[in-house]
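Understanding the architecture of this molecule
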Amino acid sequence: MFIVATVAVLIALVLAVSRAILGPSVFDRVLAGNSVGTLAILLLAVLGFLTGRPEWLDIALTYCLLNIIGTLAVLKYFRYGDLAYDDEKEQP
Amino acid sequence: MITFIQGVLLTLLAAITIAIVRQRNLFGVVILAGIYSFLIASVMMVLDAVDVAMTEASVGAGISTVVLLAALHLTGSREYPPAHAALLPLFVSAVTAGALIWGTAELPKFGVSHAPIHQNTAPKYIEDAAQHKMPPNMVTGVLADYRGYDTLGETTVIFTGGIGVMLIMRGRRRKSKGSDAKSKSRERSA
C-alpha cells in the first residue's frame, strides 16, 4: 500500500515539476514550486513508513514550516516588490 | 523500490537544471532553484542522510529563496542574453565534470562495510569509548571528545559568521532610518 502511495506521489511530483518548467507565467511556477514542497513532505512521510521508520514524520513537520517561510517571502515580493517593505512607514 | 525513487528524483533534477539554465526570467530562476533544493533534499533523504537533507531544505529552499528575492528587488528580474556564445565556460565545465566522474570510478561502492573510512579510526572509537570514560552516547563522545578540536573550530566559524551578520544588519538599519526611527524602535523593544 505504501508502495502505491509512493508511486502516486512521484507521479504528482513529475506533473508539478513539468508545470514549473513549462510555465508559461510566473504564477504557474510559484504554485508548482509550492506543490513540489508539499509533495516532498508527503514523500518524506511515506518513505518513513515504507522503510519502517515512522519517526521521520517529525522531520516532515519541520519541512512544512520551512515551506511556509519561502511562500511568505514570495507573496510579499509579489505584493510590495520588496522584502524590507514597512507597512507603518507609509501611513501619514 | 529505492532505486526507482532515486531514478525518478535524479531525472527531475536534471530537467530542472536544464530549465534553470534556459530560463531568462530571474524570478522564475529563484522558484526553480527552490524546487531543485527540495528535490535534492529528497534524494539525500532516500540515501538515509536525513541531517544533510534538513540542512539543504532549510538553507537551499528556505533562506536562499528569501535572500535571492531580496537581491531581485535591487537588480530587476530580467536577465539579458549573453553577447557571445559561452564556448570556453562550456568547455571548462565539461572538463571539470569529466574529471569528477573519472574520480568517482576509484571510490568504494556506496554503503560497503570494508571501505577505507570504516577501517582506520571508527572501530577504535567503538572499542575504546567505554574504557576512556566517554559520555554514554558514543556519537557525542566522538564529536565532543575525540574530535573536540574539530568541533571547536566549526563552532568558532559559525559564531564568527553570526557576529558578522549581526554587525552588518545593525549598521545598515541605523544609516537608512535615522534617529527618529531609532528612538521608535527603542520604545518598541522597551
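**Regarding the nonpolar core**
Grouped together as the largest cluster of nonpolar side chains are 39 residues, with contacts concentrated most on Leu13 and Tyr63 of chain A together with Leu9, Ile35 and Leu39 of chain B. A per-element tally of this core places helix α2 (residues 26-46) of chain B first, with nine residues. With residues up to four places along the chain from it excluded, the contact list for Leu13 of chain A reads Val36 and Leu39 of chain A together with Leu9, Leu12 and Leu39 of chain B. Formed by ten residues, the second largest nonpolar core is a distinct cluster that contains Val26, Val30 and Tyr77 of chain A together with Phe27 of chain B.

**Digging into helix α2 (residues 26-50) of chain A**
End to end, α2 of chain A covers 35 Å across 25 residues, agreeing with the expected 36 Å (1.5 Å per residue, within 8%). Just downstream of α2 of chain A, Gly52 of chain A is the residue with a positive phi angle, here 75°.

**Re the environment of Gly28 of chain B**
Structurally, Gly28 of chain B can be placed in helix α2. Taking the C-alpha atoms as reference points, Gly28 of chain B and Ala49 of chain B, separated by 21 residues in sequence, lie 29 Å from one another. When residues no more than four places from it in sequence are discounted, the contact partners of Gly28 of chain B are Arg29 of chain A together with Gln23 of chain B.

Scoring rules and cut-offs
Residues numbered from 1 in each chain as written. Chains lettered and ligands numbered in written order. Predicted model: local features only at pLDDT ≥ 70, side-chain atom pairs only at ≥ 80, totals over all residues. Heavy atoms only, no water. Core = buried A, V, L, I, M, F, W, Y, C linked by side-chain atoms within 4.5 Å. Buried < 20%, exposed > 50% of the residue type's maximum accessible area, 1.4 Å probe, protein only. Helix = DSSP H or I, 4+ residues; strand = E, 2+ residues; numbered from the N terminus. Contact = heavy atoms within 4.5 Å. Expected span 1.5 Å × (residues − 1).

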